[in-house]
Amino acid sequence: MRSFDPTPLFRTSVGFDRMADLMDRVLTADTVQPSYPPYNIERIDENAYRISIAVAGFTADELSVEARENLLVISARKAEDEDAARKYLHRGIATRAFERRFHLADHVRIDGAKHADGMLHIELKREIPEALKPRRIEIARSESAAMLDSQAA
């Protein structure tokens, strides 16, 4: 599957090196992805998203949500001394440490995080700067075109 070569695309484009890095990362990633903890990614509206992660057994103090350059890192670690005092007959709730990474597109920022009912909800919002939004450019009319219009009327 590694037969795709993006080099011809770079001859006529500037600034798409991040996309090539992303494609390379996806193509070289292991086929077995970690499944713990389970999560959902929802699209709330055109520019809003929510990542919901099942974090049963963790308190808000044991969870960490960090925003790095275009990267969202969620991690959790249970206190060691807390489990040492308990003797389980059966342990079905996994509270092992984890780190989950999400690569964010440009102009996506974290709007907040909430921990409730064993779920961690992270709100994301895409905010396109005014300079990048499409805008209509008025076309100035020359004086000769204005005279022709007035003579035709």
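A brief report on the enclosed structure follows. (Residues numbered from 1 in each chain as written. Predicted model: local features only at pLDDT ≥ 70, side-chain atom pairs only at ≥ 80, totals over all residues. Heavy atoms only, no water.)

1. Some points on the pattern of salt bridges
Consideration 1: Tallied over the entire structure, the rule returns 7 salt bridges.
Consideration 2: The salt bridge partner of Arg 68 is Glu 66, with a shortest N-O separation of 3.1 Å.
Consideration 3: Here Arg 109 and Asp 111 are joined by a salt bridge, their closest N and O atoms 2.9 Å apart.
Consideration 4: Residue Arg 109 is classed as partly exposed on the basis of its relative accessible area, which comes to 34%.
Consideration 5: Overlapping salt bridges, with partners in common, bring together Glu 42, Arg 50 and Glu 123 in one network. (Salt bridge = Lys/Arg side-chain N within 4 Å of Asp/Glu carboxyl O. Buried < 20%, exposed > 50% of the residue type's maximum accessible area, 1.4 Å probe, protein only.)

2. Brief notes about the side chain of Arg 100
Consideration 1: Checked against the element boundaries, Arg 100 lands in strand E5 (residues 98-103).
Consideration 2: With no salt bridge to any partner, buried Arg 100 finds its closest opposite charge in Glu 99, at an N-O distance of 9.9 Å.
Consideration 3: Among the polar contacts made by the side chain of Arg 100, one reaches the main-chain carbonyl oxygen of Pro 37 at a distance of 3.1 Å.
Consideration 4: Among all residues touching Arg 100, those that are not within four sequence positions of it are Pro 34, Ser 35, Tyr 36, Pro 37, Tyr 39, Leu 72, Val 73 and Ile 74. (Helix = DSSP H or I, 4+ residues; strand = E, 2+ residues; numbered from the N terminus. Lys, Arg positive; Asp, Glu negative; His and termini not counted. Polar contact = N/O pair within 3.5 Å; in protein donor to acceptor, adjacent residues only side chain to side chain. Contact = heavy atoms within 4.5 Å.)

3. Observations regarding the sheet that holds strand E7 (residues 119-126)
By way of backbone hydrogen bonds, the strands of a sheet pair with one another, either parallel or antiparallel.
Consideration 1: With respect to topology, 4 strands assemble into an open sheet ordered E1-E2-E7-E6, the strand pairing being antiparallel. Across the chains shown, the open sheet's two edge strands, defined by having one partner strand only, are strand E1 (39-45) and strand E6 (108-116). Shown here is a sheet whose adjacent strand axes are inclined to one another by a mean of 20°, direction ignored.
Consideration 2: With 6 bridges joining them, E1 and strand E2 (residues 48-54) adopt antiparallel strand pairing. (Pairing = 2+ DSSP bridges. Axes fitted to C-alpha atoms, helices over the stretch in contact; angles between N-to-C directions.)

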